[in-house]
Amino acid sequence: MADIRAASRYVKSLLDLAVEKNALEEVHKDMLLFSQVVASSRPLALLLRNPIVKHDQKLAVLNKIFGSKVHSLTKAFFEIITRKNREPILESVAREFHNAYNEYKGIGKASVTTAIPLDAKLRAEVEKLVKTYSDKKEIELVEQVDPELIGGFVLKVGDKQVDASIKSKLKALKVKFSENPYIKEL
């Protein structure tokens, strides 16, 4: 819990500084890159959480991996984090930075689960549907495929959910058929 609070403080500070220095887009790309690299490299994630490895060695690894690929503000942020011995929360900071960026830019998040992958036409229809449920101008759509839905979709926008899947309709029919109106219940 304390790590989440610390991560949110670092995110707020980094976001404010990136806006002030007109480097918000670059820092956002850097944080997405960092999240992607850490997610794909378990040894790097374990290294950042390892209390035995010295902080200057962790900084050297970060500089080696991200040195010329990231903005100078991101490099300075990595240095501050390592100087403060907070490398274990870097992954949380990167993830939360994306959420804070979306909030700052007014980008909403939605997820759609379908039985088959969406093509361009269906994606456009889903995005249009999402905009009716959301007050955001832009939407970040996360797509998932679940063949068990049989057909249709499940759309989640904020705290709203639209379940137009065949699986849920079959389940509702099963419940309805299990009720027998001719037998009096006691």
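For the structure itself, consult the block above.
Reference entry: report on the structure contained in this document. Here the structure is a predicted model, which is why all the values come from computation and not from measurement.

1. Some points on the nonpolar core
(1) Moving on: Membership of the largest hydrophobic core comes to 32 residues, with the highest contact counts inside it found for Val-27, Met-31, Phe-34, Phe-77, Phe-78 and Phe-97.
(2) Moving on: The set of elements that each furnish at least two residues to this core consists of helix 1 (2-20), helix 2 (24-40), helix 3 (42-49), helix 4 (55-66), helix 5 (72-83) and helix 6 (90-105).
(3) Moving on: Ranked by residues supplied to this core, first place goes to helix 1 with seven residues.
(4) Moving on: Leave out the neighbours within four places in its chain, and Phe-78 touches Met-31, Phe-34, Leu-59, Leu-62, Phe-66 and Leu-90.

2. Quick look at helix 6
(1) Moving on: The end-to-end C-alpha separation of helix 6 is 22 Å, in line with the 22 Å expected for 16 residues at 1.5 Å each.
(2) Moving on: Among the residues making up helix 6, those that are buried are Leu-90, Val-93, Ala-94, Phe-97, His-98, Ala-100, Tyr-101 and Asn-102.
(3) Moving on: Gly-106 sits one or two positions beyond helix 6 and adopts a positive phi of about 75°.

3. Description of the sheet that holds strand 1 (residues 107-114)
(1) Moving on: Spatially, the four strands line up as an open sheet ordered 2-1-3-4, and their pairing is mixed. Two strands lie at the open edges of the sheet, namely strand 2 (138-145) and strand 4 (160-163), each paired on one side alone. Strand-to-strand, the axes of this sheet are offset by a mean angle of 15°, without reference to chain direction.
(2) Moving on: With four bridges connecting them, strand 3 (residues 153-157) and strand 4 associate as antiparallel partners. Bridged to Lys-156 within strand 4 is Gln-161.

4. Some details on the packing of helix 2 against helix 6
(1) Moving on: Where helix 2 meets helix 6, the closest approach of the two axes is 9 Å, and the angle between their N-to-C directions is 140°. The pairing of helix 2 with helix 6 is recorded here as oblique in orientation. With respect to the hand of their crossing, helix 2 and helix 6 are arranged in left-handed fashion. Residue-level inspection shows Leu-24, Glu-25, Val-27, His-28, Met-31, Leu-32, Phe-34, Ser-35 and Val-38 of helix 2 in contact with helix 6, the latter providing Leu-90, Glu-91, Ala-94, Arg-95, Phe-97, His-98, Tyr-101, Tyr-104 and Lys-105.
(2) Moving on: Class assignment of the residues belonging to the contact of helix 2 with helix 6 gives a composition of 11 nonpolar, three polar and four charged.

5. A short note on the packing of aromatic side chains
(1) Moving on: Within the structure shown, the criterion is met by four aromatic pairs.
(2) Moving on: An angle of 75° between the planes, with centres 6.2 Å apart, marks the rings of Tyr-10 and Phe-77 as edge-to-face. Of the two residues, Tyr-10 is situated in helix 1 and Phe-77 in helix 5; the sequence distance between them amounts to 67 residues. There is no split in this pair, since Tyr-10 and Phe-77 are both buried.
(3) Moving on: A ring pair is formed by Phe-34 and Phe-66, whose centres lie 5.5 Å apart and whose planes are at 45°; its orientation type is tilted. Highlighted residues: Phe-34 in helix 2 and Phe-66 in helix 4, separated in sequence by 32 residues.
(4) Moving on: A residue is classified by how much of its surface remains accessible, and Phe-66, at 2% relative accessible area, is buried.
(5) Moving on: In this structure an aromatic cluster arises from ring pairing among Phe-34, Phe-66 and Phe-78.

6. Overview of unusual backbone geometry
(1) Moving on: Backbone geometry at Asn-22 places phi at a positive 55°, although glycine is not the residue there.
(2) Moving on: Structurally, Asn-22 is set in the loop between helix 1 and helix 2.

7. So, a nonpolar patch on the surface
(1) Moving on: A grouping of Ile-150, Ile-166, Leu-170, Leu-173 and Phe-177 is seen on the molecular surface, where their side chains present a nonpolar patch of about 520 Å² in accessible area.
(2) Moving on: The exposure class of Leu-173 is partly exposed, given its relative accessible area of 42%.

8. Points about helix 3
(1) Moving on: Considered for burial, the residues of helix 3 that qualify are Leu-44, Ala-45 and Leu-48. The arc that holds the buried residues of helix 3, viewed along the axis, is 100°, so those residues lie on one side. What points out from helix 3, more than 90 degrees from its buried face, is the exposed set Arg-42 and Pro-43.
(2) Moving on: The elements touched by buried residues of helix 3 are helix 2, helix 4 and helix 6.

Conventions we followed
Residues numbered from 1 in each chain as written. Predicted model: local features only at pLDDT ≥ 70, side-chain atom pairs only at ≥ 80, totals over all residues. Heavy atoms only, no water. Core = buried A, V, L, I, M, F, W, Y, C linked by side-chain atoms within 4.5 Å. Buried < 20%, exposed > 50% of the residue type's maximum accessible area, 1.4 Å probe, protein only. Helix = DSSP H or I, 4+ residues; strand = E, 2+ residues; numbered from the N terminus. Contact = heavy atoms within 4.5 Å. Expected span 1.5 Å × (residues − 1). Pairing = 2+ DSSP bridges. Axes fitted to C-alpha atoms, helices over the stretch in contact; angles between N-to-C directions. Parallel < 35°, antiparallel > 145°, perpendicular 65-115°, else oblique. Left-handed = near helix turned anticlockwise from the far one by under 90°. Nonpolar A, V, L, I, M, F, W, Y, C, P; charged D, E, K, R; others polar. Phe/Tyr/Trp six-rings, centres within 6.5 Å; stacked < 30°, edge-to-face > 60°. Patch = residues over 30% accessible without salt bridge, like charges linked within 9 Å, V, L, I, M, F, W, Y side chains within 5 Å. Areas by Shrake-Rupley, 256 points an atom, 1.4 Å probe, with all protein chains shown as cover. Salt bridge = Lys/Arg side-chain N within 4 Å of Asp/Glu carboxyl O. Arc of directions from axis to C-beta.

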